[in-house]
Amino acid sequence: VPKSISQHIEEEYKKSTEFRKSYDEEISRLEIAHHIERLRVKRGLTQAQLARRINTTQQTISRLEDTTNVQISVKTLMKVASALRSRLCIHFVPVR
C-alpha cells in the first residue's frame, strides 16, 4: 500500500505503460500552460495585450494558459514565443 500520493504515482508510473503515457502527456500540457503564463507575466503583459500581439482574442490566450487545454499547435506556440520575445524550443527526452 502506497504511503503517499507521490509514492502511488511513482509505483503506477513504473508498472503501467498506459499510466506513464497519460502522465507524461499531462505533465507536458501543464508545463506549456505554465511557461506561457509565467513568461507573459514576466514581460508585464495582460492576456489581452498578448492577444493583440498575435492577432487573436484574450479568450484564446486564456485557453493557452489553461492546463486542461489539449489542442495547442506548434504554429500557435511559435506566434506566442515571438510575441513574448522568446524562442520556441521543443526537446525530445529519451525514455528510460
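Each remark here, short or long, concerns the structure printed above.
Conventions and cut-offs
Residues numbered from 1 in each chain as written. Predicted model: local features only at pLDDT ≥ 70, side-chain atom pairs only at ≥ 80, totals over all residues. Heavy atoms only, no water. Core = buried A, V, L, I, M, F, W, Y, C linked by side-chain atoms within 4.5 Å. Buried < 20%, exposed > 50% of the residue type's maximum accessible area, 1.4 Å probe, protein only. Helix = DSSP H or I, 4+ residues; strand = E, 2+ residues; numbered from the N terminus. Contact = heavy atoms within 4.5 Å. Phe/Tyr/Trp six-rings, centres within 6.5 Å; stacked < 30°, edge-to-face > 60°. Lys NZ or Arg CZ within 6 Å of the ring centre and 35° of its normal. Arc of directions from axis to C-beta.

K.L.:
Got a minute to help me understand the nonpolar core in this structure?
P.N.:
It is characteristic of soluble globular proteins that their nonpolar side chains tend to be buried jointly. Within the largest apolar cluster, eleven residues are counted, these being Ile36, Leu45, Leu50, Ala51, Ile54, Ile61, Leu64, Leu77, Val80, Ala83 and Leu84. For this core, the element with the highest residue contribution is helix H5 (residues 74-83), accounting for three residues. Apart from residues no more than four positions distant in its own chain, alanine 51 is found in contact with Thr56, Thr57, Gln58 and Ile61.

K.L.:
What is the right way to read the packing of aromatic side chains from this model?
P.N.:
In this description, a pair of aromatic rings is defined by centroid distance and the angle of the planes. If you walk through the whole model with that rule in mind, you get two aromatic pairs. Geometrically, the ring pair formed by tyrosine 13 and tyrosine 23 is edge-to-face, given 5.4 Å between the ring centres and 80 degrees between the ring planes. In this pair, tyrosine 13 is assigned in helix H1 (residues 5-15) and tyrosine 23 in helix H2 (residues 17-42), connecting sequence segments ten residues apart. On the basis of relative accessibility, which here comes to 32%, the residue tyrosine 23 falls in the partly exposed class. On the basis of an interplanar angle of 20 degrees and a centroid distance of 6.1 Å, the ring pair of phenylalanine 19 and tyrosine 23 is categorised as stacked. A residue pair is termed a helical-turn pair when its members lie 3 or 4 positions apart in one helix, as phenylalanine 19 and tyrosine 23 do in helix H2 at four residues. Taken together, Tyr13, Phe19 and Tyr23 form an aromatic cluster joined through their ring pairs. The ring of tyrosine 13 has arginine 20 lying over it, and the distance from NZ or CZ to the ring centre is 5.7 Å.

K.L.:
Honestly, the environment of glutamate 37 in this entry has me stumped. Any pointers?
P.N.:
Positionally, glutamate 37 belongs in helix H2. Classification of glutamate 37 as partly exposed rests on a relative accessible area of 38%. For the pair formed by glutamate 37 and glutamate 65, sequence separation is 28 residues and the distance between their alpha carbons is 5.8 Å.

K.L.:
Would you mind going over H5 with me for this structure?
P.N.:
Each α-helix winds once per 3.6 residues, and so residues spaced three or four apart point in a common direction. Turning to H5, its buried residues are Leu77, Val80, Ala81 and Ala83. Mapping the buried residues of H5 onto a view down its axis gives an arc of 165 degrees, with all of them on the same face. Of the residues in H5, the exposed ones pointing more than 90 degrees away from the buried face are Lys75, Met78 and Ser82. Turning to H5, the residues buried within the fold contact H2, helix H3 (47-53) and helix H4 (58-64). One or two positions beyond H5, positive phi appears at arginine 85, with a value near 50 degrees.

K.L.:
Before we go on, may I ask you to explain unusual backbone geometry in this structure?
P.N.:
Among all residues save glycine, negative phi is the norm, and among peptide bonds the norm is trans. The phi dihedral of asparagine 55 falls on the positive side, at around 60 degrees, and the residue is not glycine. Relative to the helices and strands, asparagine 55 is located in the loop between H3 and H4.

K.L.:
Can you walk me through the side chain of glutamate 65 in this structure?
P.N.:
By secondary structure assignment, the location of glutamate 65 is in the loop between H4 and H5. For glutamate 65, the contacting residues outside a window of four places in its chain are Ala33, Ile36, Glu37, Arg40 and Gln47.

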